[in-house]
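Summary of structural features
Listed below, chain by chain, are the residues.
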Amino acid sequence: MATPTAYQEHLPASPHWLNKGDNAWQLTAATLVGLQSMPGLVILYASMVKKKWAVNSAFMALYAFAAVLICWVLVCHRMAFGDKLLPFWGKGAPALGQKFLTHRAKVPESTHYYNNGTVESATSEPLFATASLVYFQFTFAAITLILLAGSVLGRMNIKAWMAFVPLWLIFSYTVGAFSLWGGGFLYHWGVIDYSGGYVIHLSSGIAGFTAAYWVHNHPSLCSQSFIKLNC
């Protein structure tokens, strides 16, 4: 059986296509986004609610960041940026294997087509590895959930939040991400999202507004065993 690349005696310093500057900036940019969540939003949320809810609010953000990381590498990254399953969804699969993470990254939404369906320009391949792209996109997915959390601070039981985070990530965030950034149907309709205005801010804003509406206008939800809101 062939020895895996990572354990071979003579390894190249880096693949021929890897640009260390591009890769370093990709990792730096991802880390800056992550710092907006940890500790940025953790401190903000803990300071904007009543003292008795401070720990709960901070932990909601901490849990979301950690839970999204696990879900992202297990299934969600490839649902958002993988092979097409449906016009709005990719095929879910782990993003953990060496064969996947060490390959050159690809940007699905860079592929352009003529009206007859033939390819006008090939998929853009940045000069860094897929592992860097997985990390970069994870931080955006995490901060989207944490932004959503701001709408239910002090109102949502932590147990309900622990169930809500992976469910919303899988069934909502990945749909928006694939539809635009993953080369899905919205991208082919001509919708372009360069900075997350649709995938991140609009999706978290609408979800947060909806959650806040139901919490404030449907106090009967407090009696439901699954949602258990602290109204």
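Please read these numbers as outputs of a predicted model, since none were measured by experiment. (Residues numbered from 1 in each chain as written. Predicted model: local features only at pLDDT ≥ 70, side-chain atom pairs only at ≥ 80, totals over all residues. Heavy atoms only, no water.)

A closer look at the nonpolar core
Threshold: Residues belong to one nonpolar core when they are buried, are Ala, Val, Leu, Ile, Met, Phe, Trp, Tyr or Cys, and are joined through side-chain atoms within 4.5 Å. With a 1.4 Å probe rolled over the protein chains alone, any residue whose accessible area is under 20% of its type maximum counts as buried; one over 50% counts as exposed, and the rest are partly exposed. The way it works is that DSSP assigns letters per residue, a run of H or I at least four long becomes a helix, a run of E at least two long becomes a strand, and they are numbered from the N terminus. By the convention used here, residues are in contact when the closest approach between their heavy atoms is within 4.5 Å.
Judged by nonpolar contacts, the single largest core of 50 residues is most densely connected at W72, W161, L169 and Y173. Within the residue set of this core, elements represented by two or more residues are α1 (20–48), α2 (54–81), α4 (130–149), α5 (158–180) and α7 (197–217). The greatest single-element share of this core, amounting to 14 residues, is contributed by α2. Apart from the residues lying within four places of it in its own chain, the contact partners of L169 are V68, C71, W72, C76, A141, L145 and T174.

Focus: the state of the cysteines
Definition in use: Defined by distance alone, a disulfide is two cysteine sulfur atoms within 2.5 Å.
Under the definition given, this model contains zero disulfides. Between C76, a free cysteine, and C71, which holds the nearest cysteine sulfur, the sulfur-to-sulfur gap is 5.5 Å. Take C76: its relative accessible area is 0%, and that puts it in the buried class.

Describing the pattern of salt bridges
Rule in force here: Salt bridge, as applied in this entry: a Lys or Arg side-chain nitrogen positioned within 4 Å of an Asp or Glu carboxyl oxygen.
Evaluation of the coordinates by the stated rule reveals one salt bridge. The salt bridge partner of R104 is E125, with a shortest N-O separation of 3.8 Å. In this pair, R104 sits in the loop between α3 (98–101) and β3 (112–113) while E125 sits in the loop between β4 (119–121) and α4, placing the two residues 21 residues apart along the sequence. For R104, a relative accessible area of 26% corresponds to the partly exposed category. Residue classification places E125 among the partly exposed positions, given a relative accessible area of 34%.

Points about the side chain of T174
The condition is simple: In protein, a polar contact means a hydrogen-donor-capable atom and an acceptor-capable atom, both N or O and within 3.5 Å, with residues adjacent in sequence counting only if both atoms are side-chain atoms; elsewhere, any N or O pair within 3.5 Å suffices.
Here T174 shows up in helix α5. Here the side chain of T174 touches I170 through a polar contact of 2.4 Å, landing on its backbone oxygen. Those residues in contact with T174 that sit more than four places away from it in its chain are C76, M79, A80, F88, W89 and L169.

A look at the layout of surface pockets
We apply this condition: Both cavities and pockets are sets of points on a 1 Å grid over the protein atoms alone; in a cavity a 1.4 Å probe fits but cannot get out, in a pocket the set is open with protein on both sides within 12 Å along at least five of seven lines, and lining residues sit with an atom within 4 Å of a point. Grid points are joined across faces, edges and corners, and a volume is the space filled by probe spheres set on the points. Think of it as three bins: nonpolar holds Ala, Val, Leu, Ile, Met, Phe, Trp, Tyr, Cys and Pro, charged holds Asp, Glu, Lys and Arg, and polar takes everything else, Gly as well.
Reported here for the largest pocket is a volume of approximately 610 Å³. Partitioned by chemical class, the residues of the lining of the largest pocket number 11 nonpolar, 10 polar and seven charged.

Observations concerning the packing of aromatic side chains
As a reminder of what qualifies: Stacked, tilted and edge-to-face are the three classes assigned to paired rings of Phe, Tyr and Trp, where Trp is represented by its six-membered ring and a pair needs centres within 6.5 Å; plane angles under 30 degrees give stacked, over 60 edge-to-face, the rest tilted. Criterion for a charge above a ring: Lys NZ or Arg CZ within 6 Å of the ring centre, and within 35 degrees of the ring normal.
Enumeration over the complete set of coordinates arrives at eight aromatic pairs. Taken together through their ring pairs, the aromatic side chains of W72, F81 and Y173 make up a single cluster. Above the face of the F100 ring, R78 is positioned so that its terminal group lies 4.5 Å from the ring centre.

Regarding the packing of α2 against α5
Formally: In this analysis, axes come from line fits to C-alpha atoms, helices being fitted only over the stretch in contact, and the angle between any two N-to-C directions falls in the range 0 to 180 degrees. Left-handed describes a crossing whose near helix is turned anticlockwise from the far helix by less than a right angle; the clockwise case is right-handed.
The interhelical angle for the contact between α2 and α5, taken along N-to-C directions, is 40°, at an axis separation of 9 Å. Once α2 is placed against α5, the crossing between them reads as right-handed. Partitioned by chemical class, the residues of the contact of α2 with α5 number 22 nonpolar, two polar and no charged.

Topic: α5
Three- or four-residue spacings in an α-helix give side chains the same orientation, since the helix completes a turn every 3.6 residues. Applicable threshold: Helices are assigned an expected span. That span is 1.5 Å times one less than the residue count. Working definition for bend: take the seven residues up to and ending at a residue and the seven starting at it, fit an axis to each, and measure the angle between the axes.
Along its 23 residues, α5 runs 31 Å from first to last C-alpha, staying within 8% of the 33 Å computed at 1.5 Å per residue. The largest bend in α5 comes to about 40°, at L169. Buried within α5 we find A160, W161, V165, P166, W168, L169, Y173, T174, A177, F178, S179 and L180. Two or three places before K159, at the start of α5, stands the capping residue N157, its side-chain oxygen 2.7 Å from that residue's backbone nitrogen.

Digging into the environment of S47
The residue S47 is located in helix α1 in this model. A relative accessible area of 55% places S47 in the exposed class. Residues S47 and A58 lie 11 residues apart in sequence; the distance between their C-alpha atoms is 9.0 Å. Here the side chain of S47 touches L44 through a polar contact of 2.8 Å, landing on its backbone oxygen.

Re the environment of S57
Structurally, S57 can be placed in helix α2. Sequence spacing of S57 and S47 is 10 residues, and the spatial spacing of their C-alpha atoms is 9.1 Å. When residues no more than four places from it in sequence are discounted, the contact partners of S57 are Y45, V49, L153 and G154.

All quantities given are derived from atomic positions and should not be read as evidence of function.
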